[in-house]
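What follows is each chain in one-letter form.
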Amino acid sequence: MSEGRNWRAKQARFLNRLHARVAARARPATGFVSQPEPRTIGYFARGRQMIAGNLMFSGHLLEVQGAMIWDLDLPDEAFAEALHGFGWLDDLAAVGDAKARALAQDWLWGWIKRYGNGTGPGWSPELTGRRVIRWVHHALFLLRGMGAPEAEAYYKALAAQTTFLSRRWQAASPGLPRFEALTGLLYCGLSIEGMEARAEPARIALAAECARQVDEQGGIPTRNPEELLEVFTLLTWAQAALEEVHKTPEPAHLAAIAKIAPTLRALRHADGGLARFHGGGRGLDGRLDQALAASGSKKRQTKGLAMGYARISAARSTVIVDAAPPPDGKASAQAHASTLAFELTSGRRPLIVNCGSGADFGADWRRAGRATPSHSTLCLQGYSSSRLAPGRWIGASRRELLEDTPRHVPVQMDHQANYIRMEAGHDGYVRLQGLTHARSIELSLDGREVKGEDYLVALDGAANKRFDRAMDAVKLGGLPYDIRFHLHPEVDVALDMGGSAVSMALRSGEIWVFRFSGKAELDIEPSVYLEKGRMRPRATKQIVLSGRAMDYATRIRWSLAKAQETATVVRDLAMDEEEMSI
């Protein structure tokens, strides 16, 4: 363990160990009173990889064919957290055959044998909540073919973890980890014999957490769309579990579901996937549809921002822009420097994307994915619009928070007869360079054209002086900037019209053309697409406009438009890479 760990982290680990060992002596359960449906599902491809002996977590690949995972020398804490959280159980359940079941049983009872007595790194409220949800969801999958001794050990371990959660859920980090801890406690209280007394306090505490964490916009402090989906999913699962035993969720619980549903709809692209911002991915296929259907809410966001994101949609095209200050404090532990970045999707096909979260590929990829150059926005002098602070201990984990973030992000939406327009700006570069980045994006009502403008402007006398000092530092050579447009890996891209335009072909058959005007150089450069569930980052391309800010005001115009020969509606029958591989 690192000597730099602060006393709060040490205290948290000590209390976790203490309560875990006490909980391990709790009265064992004997079976299920009621069992929630197996609602979690994972990645089929990852499950197959595990059966083949390949474990890929937090950027590390281990070959474990025939080995017990709890005997392995693990590469880092993130890898250990992935194992002890049992998220991999969803992946094996997605495969669901006899080999997958045998492997899941081997690893689960191996955990009980080694750590069921209250020892090991898995006894934190965050990981315990995540783990027991999977154990309960996949109980039928796990217990099939097992004898009475194994079943007894399983129920005893579940009872111990329930007792531990009842005493330590408050120590879970606010946000998704605490929702996981409380939902796990509620599940066990409702479904396990002898744990019924735990259910009512969990029901009340979950509602109180909804009131604290879910704002009036239906957002959460991290501003992570996929995390919002996970919180929403947990709340709908908890609601269903309560109603199955004829209990009523608290009003704050139901109000949170009602507020989150329209926000998630606004954060959804035309292809059904979520916008990829602040550490979030597209979300598991079908998870959002299932959660929205379970909620019973059909309300949509009608105006304004959704959790700080501006959505512009017309016909088959959607544009989603990060149009608010990034998260701050502890909520920024996974946040990105993505202010004014956007994504564009046409029908089933993403076109302009952000690189995404590199957390699954190791610390270096995680840091790179959080930087401004990994997003489809402007970057000045290679600086990110928000900076990563040195690592610090938050609870039992080391995190890098954001600092020097934009604080003023004005936004204006304008609906006209022929287009929808968004204008926004941020002050992330004012302190060092004196320049405000402003961006306008306009989508035609037929969804065929996106027009954009990026500005770098010194707004007052103090900003002018900062800009002059920055210019002196580069000997009046101008402040270099890059405007990046990261492309989805399935987009075929080529320079066109003598290097003054870029043509992009989607697998649907649509052709889009990028053009620009202003003093800048156009190029196509390598990029990556960081996607959960894959063994490694995917190679892709990015369009880059490079120039220099020479004065107090600089403007670049650009456009993305469907080629004239592209039909307004195309019949998109091309299969995705994942569909073909399965």
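Up top you'll find the structure we're talking about.
Quick look at the structure, then. Values in this document were obtained by computation on a predicted structure and should not be read as measured data.

### What about the pattern of salt bridges?
1) Next: A full pass over the atoms with the stated rule returns 33 salt bridges.
2) Next: A salt bridge links E209 to R212; its shortest N-O distance comes to 2.6 Å. Note that E209 and R212 are positioned in helix 10 (residues 199-213) at a spacing of three residues, about one turn of the helix.
3) Next: The class of E209 is buried, set by a relative accessible area of 0%.
4) Next: In this structure, the salt-bridge partner of R407 is D328, at a minimum N-O distance of 3.7 Å. Residue R407 is located in the loop between strand 11 (402-403) and strand 12 (411-415), and its partner D328 is located in the loop between strand 4 (317-322) and strand 5 (342-346); the two are separated by 79 residues in the primary sequence.
5) Next: On the basis of relative accessibility, which here comes to 45%, the residue D328 falls in the partly exposed class.
6) Next: Members of the salt-bridge network, linked through shared partners, are R349, E490, R507, E531, R534 and R538.

### Some thoughts on helix 11 (residues 225-244)
Think of an α-helix as turning once every 3.6 residues; residues three or four places apart then point the same way.
1) Next: Relative to the 28 Å expected for 20 residues at 1.5 Å per residue, helix 11 spans 28 Å between its end C-alpha atoms, a close match to the ideal helical length.
2) Next: Burial runs high along helix 11: 17 of the 20 residues are buried.
3) Next: Measuring from the backbone nitrogen of E226 back to the side-chain oxygen at the start of helix 11 gives 3.0 Å, which picks out N224 as the cap.
4) Next: Just beyond helix 11, the residue with positive phi is H246, at close to 65°.

### Structural notes on the packing of helix 6 (residues 125-137) against helix 8 (residues 148-168)
1) Next: Closest axis-to-axis distance for the helix 6/helix 8 pair is 10 Å, and the angle between their directions is 140°. Looking at the two axes, helix 6 sits oblique to helix 8. As for the relative orientation of helix 6 and helix 8, their crossing is left-handed in sense. Here P125, T128, G129, R131, V132, W135 and V136 of helix 6 lie close against helix 8, whose contacting residues are Y154, A157, L158, Q161, F164, L165 and R168.
2) Next: Taken together, the residues that form the contact of helix 6 with helix 8 break down as nine nonpolar, three polar and two charged.

### Quick notes on unusual backbone geometry
1) Next: Phi at H246 is positive, roughly 65°, even though this residue is not glycine.
2) Next: Positionally, H246 belongs in the loop between helix 11 and helix 12 (251-266).
3) Next: A positive phi is found at H278, a non-glycine position, where the angle reads about 50°.
4) Next: Tracing the backbone shows H278 in the loop between helix 12 and helix 13 (287-295).

### A closer look at the packing of aromatic side chains
1) Next: The full count for this structure, using the stated rule, is 22 aromatic pairs.
2) Next: Ring geometry for W111 and W135: centres 5.6 Å apart, planes at 90°, overall edge-to-face. Here W111, found in helix 5 (residues 98-115), pairs with W135, found in helix 6; they are 24 residues apart in sequence, far enough to count as distant.
3) Next: We classify W135 as buried; its relative accessible area is 0%.
4) Next: Ring centres of F277 and Y309 lie 5.1 Å apart, and the angle between their planes is 45°; this geometry places the pair in the tilted category. Pair noted here: F277 is in the loop between helix 12 and helix 13 and Y309 is in strand 3 (residues 309-314), with a separation of 32 residues, a long-range link. Neither F277 nor Y309 differs from the other in exposure class; each is buried.

So, how was this worked out
- Residues numbered from 1 in each chain as written.
- Predicted model: local features only at pLDDT ≥ 70, side-chain atom pairs only at ≥ 80, totals over all residues.
- Heavy atoms only, no water.
- Salt bridge = Lys/Arg side-chain N within 4 Å of Asp/Glu carboxyl O.
- Helix = DSSP H or I, 4+ residues; strand = E, 2+ residues; numbered from the N terminus.
- Buried < 20%, exposed > 50% of the residue type's maximum accessible area, 1.4 Å probe, protein only.
- Expected span 1.5 Å × (residues − 1).
- Polar contact = N/O pair within 3.5 Å; in protein donor to acceptor, adjacent residues only side chain to side chain.
- Axes fitted to C-alpha atoms, helices over the stretch in contact; angles between N-to-C directions.
- Parallel < 35°, antiparallel > 145°, perpendicular 65-115°, else oblique.
- Left-handed = near helix turned anticlockwise from the far one by under 90°.
- Contact = heavy atoms within 4.5 Å.
- Nonpolar A, V, L, I, M, F, W, Y, C, P; charged D, E, K, R; others polar.
- Phe/Tyr/Trp six-rings, centres within 6.5 Å; stacked < 30°, edge-to-face > 60°.

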